[in-house]
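Geometric and topological summary
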Amino acid sequence: MKTLYFILFICSIGFTSMGQGIHFSQWYEAPLLLNPANAGSYFGDYRANLNYRNQWATVGNSYKTIFASYDMPIRRNERNQKVTGIGVSFYNDKAGKTNYGRTEGTISLSQSVTLTKKLDLSFGLGFEYGQISANYDNLKWDNQYDGTKYNASLPTGENNLNESSTYFDMNAGFLARFFGREKNETNIGISILNATQTYKATLANNSVNDQRRMRIIGHAFSEIPLRNNNNYIVPTAFYSLQGG
């Protein structure tokens, strides 16, 4: 049984952008959120992940995020390395008095090409269907103050609020896997999320400033075995850029 000790190097850059993608501090525990090429890219029969985040819980109306995924190799070569992999994932993200949130389901497919006994390359695609929504009933607007107090019966004066939108999006990724003598791995990957940069992934009115921007992720880890035991040191690196 492996014992892993993780060392993290993280760089995340976000420019002005509405509808940025979700992320977790333990990014390596959400492989399908990271890169569709990760689908089935491991030694094993199946893999399931469940992530939950409750951010800023003490201030009320906190961000609540849940992400779940399942993936497996469906074809292997003679060295038990994945040739074709498939995965499904789901996430739900809600926040604020409006329960502004996003729900997405994704199917990820990956295909590997073996170059040598110690190296294969994987390419992946993710096909994503999502819905974004908000409920404005709990909000109070300036026009509903009658001069002395708040009056919920007064009109809000807000006539162009979109309450929901559905959309289709795509992701793509590349992964290089280097294998050691003890099936330890070094992985280097890059992915492009929100590839279509769709407008319908926000509640905006098709404004170019409010579309969901493309997100580029770079990631890597290496399992370095320690001598004479089953312990490993695992340095990792993560880079994210969105809206640049």
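Figured I'd write up the structure that's included with this text. (Residues numbered from 1 in each chain as written. Predicted model: local features only at pLDDT ≥ 70, side-chain atom pairs only at ≥ 80, totals over all residues. Heavy atoms only, no water.)

Taken together, the side chains of Tyr-46, Tyr-70, Ile-74, Ile-86, Val-88, Ile-107, Leu-109, Leu-125, Phe-127 and Phe-168 define a hydrophobic patch exposed on the protein surface, amounting to about 900 Å² of accessible area. When residues of the nonpolar patch are traced back to their parent elements, those giving at least two are strand E3 (63-76), strand E4 (82-95), strand E5 (100-116) and strand E6 (119-133). Considering the arrangement of structural elements, one finds Ile-74 in strand E3. (Patch = residues over 30% accessible without salt bridge, like charges linked within 9 Å, V, L, I, M, F, W, Y side chains within 5 Å. Areas by Shrake-Rupley, 256 points an atom, 1.4 Å probe, with all protein chains shown as cover. Salt bridge = Lys/Arg side-chain N within 4 Å of Asp/Glu carboxyl O. Helix = DSSP H or I, 4+ residues; strand = E, 2+ residues; numbered from the N terminus.)

Attention now goes to the pairing of E4. Most of E4 sits out of view: 10 of its 14 residues are buried. Inspection of the sheet shows E3 paired to E4 by 12 bridges, in the antiparallel sense. Bridging across to E4, Met-72 finds its partner in Ile-86. Where E3 folds back on E4, the antiparallel hairpin that results is connected by five residues, among which Asn-80 adopts a positive phi of roughly 65 degrees. Bridging between E4 and E5 involves 12 bridges; their strand directions are antiparallel. Residue Asn-92 lies in a different strand from E5, and its bridge partner there is Thr-103. Between the end of E4 and the start of E5, which pair antiparallel, lie four residues, with Gly-96 showing a positive phi angle near 80 degrees. (Buried < 20%, exposed > 50% of the residue type's maximum accessible area, 1.4 Å probe, protein only. Pairing = 2+ DSSP bridges.)

On to empty space enclosed by the protein. As enumerated under the stated definition, the model contains two cavities of 30 Å³ or more in all. The space that makes up the largest cavity amounts to roughly 180 Å³. Contributing to the lining of the largest cavity are 15 residues, with Leu-33, Tyr-91, Glu-104, Glu-128 and Asn-171 lying nearest its centre. Here the second largest cavity defines a volume of roughly 80 Å³. What lines the second largest cavity is simply Ile-22, His-23, Phe-24, Trp-27, Ala-30, Leu-33, Leu-34, Leu-193, Arg-215, Ile-217 and Phe-238. Sorting the residues of the lining of the second largest cavity by element identifies helix H1 (31-34) and strand E9 (215-222) as the ones contributing at least two each. (1 Å grid on protein atoms, 1.4 Å probe; cavity = no way out; pocket = protein on both sides within 12 Å on 5 of 7 lines; lining within 4 Å. Points joined across faces, edges and corners; volume = space filled by probe spheres on them.)

This next bit is on the pattern of salt bridges. In this structure the tally under the stated criterion is four salt bridges. Between Arg-76 and Asp-45 there is a salt bridge, with its nearest N and O atoms 3.3 Å apart. Taken together, the residues Arg-76 in strand E3 and Asp-45 in the loop between H1 and strand E2 (47-55) connect sequence positions 31 residues apart. Taking the relative accessible area as the measure of exposure, Arg-76 reaches 34% and is therefore partly exposed. Here Glu-185 makes a salt bridge to Arg-177, at a shortest N to O gap of 2.8 Å. Exposure remark for Glu-185: the relative accessible area of 7% places this residue in the buried category. Classification of Arg-177 by relative accessible area gives buried; the value is 1%.

A few words on the environment of Glu-185. Locating Glu-185 in the fold gives a position in strand E8 (residues 185-193). For the pair Glu-185 and Ile-224, spaced 39 residues apart in sequence, the C-alpha to C-alpha distance is 8.2 Å. When neighbours within four sequence positions are excluded, Glu-185 is seen to be in contact with Tyr-42, Phe-43, Arg-177, Phe-178, Phe-179, Phe-221, Ser-222 and Glu-223. One polar contact links Glu-185 to Asn-187, side chain to side chain, over a distance of 3.5 Å. (Contact = heavy atoms within 4.5 Å. Polar contact = N/O pair within 3.5 Å; in protein donor to acceptor, adjacent residues only side chain to side chain.)

This brings us to the environment of Val-88. Structurally, Val-88 can be placed in strand E4. Between the C-alpha atom of Val-88 and that of Pro-36, which follows or precedes it by 52 residues, the distance is 9.8 Å. Apart from residues lying up to four places away in sequence, Val-88 is in contact with Leu-32, Ala-68, Ser-69, Tyr-70, Thr-106 and Ile-107.

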